[in-house]
Amino acid sequence: MKTLECGWGAMHLSVAERGRTSLVFVNSLGTDLRMWDSTLANLPSDWTSLRMDKRGHGLSDNAPKGYGIPDLATDVISALDHVGMGSAVIVGCSVGGLIAQQVALMAPQRVDALVLSNTAAVLGAPQSWQARIDDVNQFGMAEMAERIMPRWFAPKMLNHPEAALWRTLLARSDAQGYVATCAAIAGTDLTDRLGEVSQPALVVGGQDDLATPPAVVEMLAHRLPCAELVMLEGVGHLPAIEAPKAFSELIVNFVEGIVR
Ligand SMILES: O=C(O)CCC(=O)CC(=O)O
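Residues take numbers from 1 onward in each chain, read along the sequence in its written order. Residues qualify for local features only when their pLDDT is at least 70, as the model is predicted, and side-chain atom pairs are given and counted only at 80 or more; totals for whole chains, interfaces and linings, by contrast, use all residues. Computation of side-chain values: all heavy atoms of the structure, hydrogens and water removed.

### Observations concerning the overall build of the chain
In step 1: Check the secondary structure of the chain and you find 10 helices and eight strands.
In step 2: On C-alpha atoms alone, the chain measures out to a radius of gyration of 17 Å, which is about the 18 Å that the 2.2 N^0.38 rule sets for 260 residues.
In step 3: Each residue gets one of three labels from its accessible area relative to the maximum for its type: buried under 20%, exposed over 50%, partly exposed in between, using a 1.4 Å probe on protein chains only. Put simply, the chain has 260 residues, and 55% of those count as buried.
In step 4: Only four residue types enter the charge count: Lys and Arg as positive, Asp and Glu as negative, with His and the chain ends excluded. Throughout, a charge is located at the NZ atom of Lys, the CZ atom of Arg, the CG atom of Asp or the CD atom of Glu. Charged side chains of the chain number 19 positive and 28 negative; the gap between the two group centres comes to 2 Å. For helices the rule is a DSSP run of H or I covering at least 4 residues; for strands it is a run of E covering at least 2, with both sets numbered from the N terminus onward. Throughout, radius of gyration means the C-alpha value; the globule benchmark is 2.2 Å times the number of residues raised to the power 0.38.

### So, helix α6 (residues 161-171)
At 3.6 residues per turn, the α-helix brings residues three or four places apart onto the same side.
In step 1: Among the residues making up α6, those that are buried are Ala163, Trp166 and Leu170. Along the long axis of α6, the arc covered by the buried residues comes to 60°, so they all point the same way. Relative to its buried face, α6 has exposed residues pointing more than 90 degrees away, namely Pro161 and Leu165.
In step 2: Residue contacts are defined here by distance: any two heavy atoms, one from each residue, within 4.5 Å place the two residues in contact. Where the residues of α6 are buried, they touch α4 (126-152), α5 (155-158), α7 (175-186) and α9 (239-242). Note that the arc is defined by the directions from the helix axis to the C-beta atoms.

### Topic: α4
In step 1: The first and last C-alpha atoms of α4 sit only 20 Å apart over 27 residues, clearly below the 39 Å expected at 1.5 Å per residue.
In step 2: Given a residue, its bend is the angle between the two axes fitted to the seven residues that end at it and to the seven that start from it. At Gly140, α4 shows its strongest bend, of approximately 115°.
In step 3: Burial in α4 covers these residues: Trp129, Arg132, Ile133, Val136, Met141, Met144, Ala145, Ile148, Met149 and Trp152.
In step 4: Along its buried surface, α4 packs onto α5, α6, α7 and α9. Take the number of residues in a helix, subtract one, and multiply by 1.5 Å to get its expected span.

### Quick look at the site of the ligand
In step 1: To be near a molecule or strand, a residue needs just one of its heavy atoms within 4 Å of it. Ser28, Leu29, Ser94, Val95, Trp129, Arg132, Arg151, Trp152, Ala211 and His237 make up every residue found near the ligand.
In step 2: Between the ligand and Val95, the relevant distance is 3.0 Å, taken from an oxygen atom to a main-chain nitrogen or oxygen of the residue.
In step 3: For the shell around the ligand, the element with the highest residue contribution is α4, accounting for four residues. Counting of polar contacts relies on pairs of N or O atoms within 3.5 Å, with two restrictions inside protein: one atom must be capable of donating a hydrogen and the other of accepting it, and residues adjacent in sequence are counted only when both atoms are side-chain atoms.

### Section: the environment of Gly140
In step 1: Secondary-structure assignment places Gly140 in helix α4.
In step 2: C-alpha of Gly140 to C-alpha of Ala171: the two residues are 31 residues apart in sequence and 8.2 Å apart in space.

### Here's the deal with the side chain of Ser22
In step 1: Position of Ser22 relative to the elements: it lies in strand β3 (residues 22-26).
In step 2: Not counting residues up to four positions away in its chain, the partners in contact with Ser22 are Thr48, Met85, Ser87, Ala88 and Val89.

### Re the pattern of salt bridges
In step 1: Any carboxyl oxygen of Asp or Glu within 4 Å of a side-chain nitrogen of Lys or Arg constitutes a salt bridge here. Within this structure, the stated rule accounts for nine salt bridges.
In step 2: When the shortest N-O distance is used, the salt bridge between Asp32 and Arg34 registers 2.7 Å.
In step 3: Residue Arg51 pairs with Asp37 through a salt bridge whose shortest N-O separation is 2.7 Å. With a gap of 14 residues between them, Arg51 in strand β4 (residues 48-52) and Asp37 in helix α1 (residues 37-41) connect regions that are remote in the sequence.
In step 4: Residue Arg51 is classed as buried on the basis of its relative accessible area, which comes to 11%.
In step 5: Overall, the relative accessible area of 37% leaves Asp37 in the partly exposed class.
In step 6: One network of salt bridges, in which partners are shared, links Asp135, Glu143 and Arg147.

### Some words on the packing of aromatic side chains
In step 1: Each aromatic pair joins two rings of Phe, Tyr and Trp (for Trp, the six-membered one) with centres within 6.5 Å, and gets the label stacked for planes under 30 degrees apart, edge-to-face for over 60, and tilted for any other angle. Summed over the entire model, instances satisfying the criterion amount to three aromatic pairs.
In step 2: Their ring planes at 50° and their centres at 5.1 Å tell us that Phe25 and Trp36 sit as a pair that is tilted. A residue pair is termed long-range when its members are at least 10 positions apart, and Phe25 in strand β3 and Trp36 in the loop between β3 and α1 qualify at 11 residues. Like Phe25, the residue Trp36 is buried in the burial classification.
In step 3: With 6.4 Å between their ring centres and 25° between their planes, Trp36 and Phe247 make a pair best called stacked.

### What to know about unusual backbone geometry
In step 1: Unusually for a residue other than glycine, Ser94 sits at a positive phi of about 55°.
In step 2: Relative to the helices and strands, Ser94 is located in the loop between β5 (88-93) and α3 (95-106).
In step 3: Unlike most non-glycine residues, Asn118 shows phi in positive territory, near 50°.
In step 4: Within the element layout of this structure, Asn118 appears in the loop between β6 (111-117) and α4.

### Some points on the pairing of β6
In step 1: Counting buried residues in β6 gives six out of seven residues, a clear majority hidden from the surface.
In step 2: We call two strands paired when DSSP finds no fewer than two bridges between them. Sheet topology note: the β5/β6 ladder contains six bridges and is parallel. Its bridge partner being in β6, Cys93 is matched across the sheet by Ser117.
In step 3: Bridge analysis of β6 against strand β7 (residues 201-206) gives four bridges, and the strand direction is parallel. Bridging from a neighbouring strand, Leu114 pairs with Ala201 of β7.

So, in structure tokens, the structure goes:
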């Protein structure tokens, strides 16, 4: 673990620096960098990986209010600078995928390729995020965790002991960090800029994803100039947790295909 000093505070990083293939993992709303544990365990051991908790998530500090996806993308670029990673394959889930797209637009030279899991260029209507913020403020994270679980996990995963651990993490999450990220999502629509993303992209969705349903993920793949799409059966919003072996196999095949 390393701590990165940013303009807004300290960011906690888990860094492994080996080998030539570099990947950066950006997590989803309400999770932390441990969402990638099982995926990393299935990747070649000589690959370099960098994971980070977003502002207000995991062990990272809360930032001042009023930041957007470009600020979160700047955090990723700062993390790359911090560990001396010139460029990398950026793997992002949901809002992490939105941040990954933003990094590709802001600093294309830092992005070798994208793995966009369960995400889109716009994640739902702004009003739905304002409703989410209002609900968090009214009911708190514990109540919200109950409501969000079926949006995270496919029915067959919901009663798995691991799902209970993630529910606990979400229930204990910092509400300020959560709502600040909801507000950043609400203000972002990259649809009109997708044509500028020239890097190869692997777009992954889950047939049972209620948060970013298959049609939304398919639309992202369709609009990106150079994308391949894989839709996983029996998987919800978080394939890295629900189907880590299948997810990491997809990453390995994709990355080996582009470096060959
Ligand atoms: O996972 C994300 O980054 C955003 C979507 C989410 O939190 C799940 C939901 O919409 O309930």
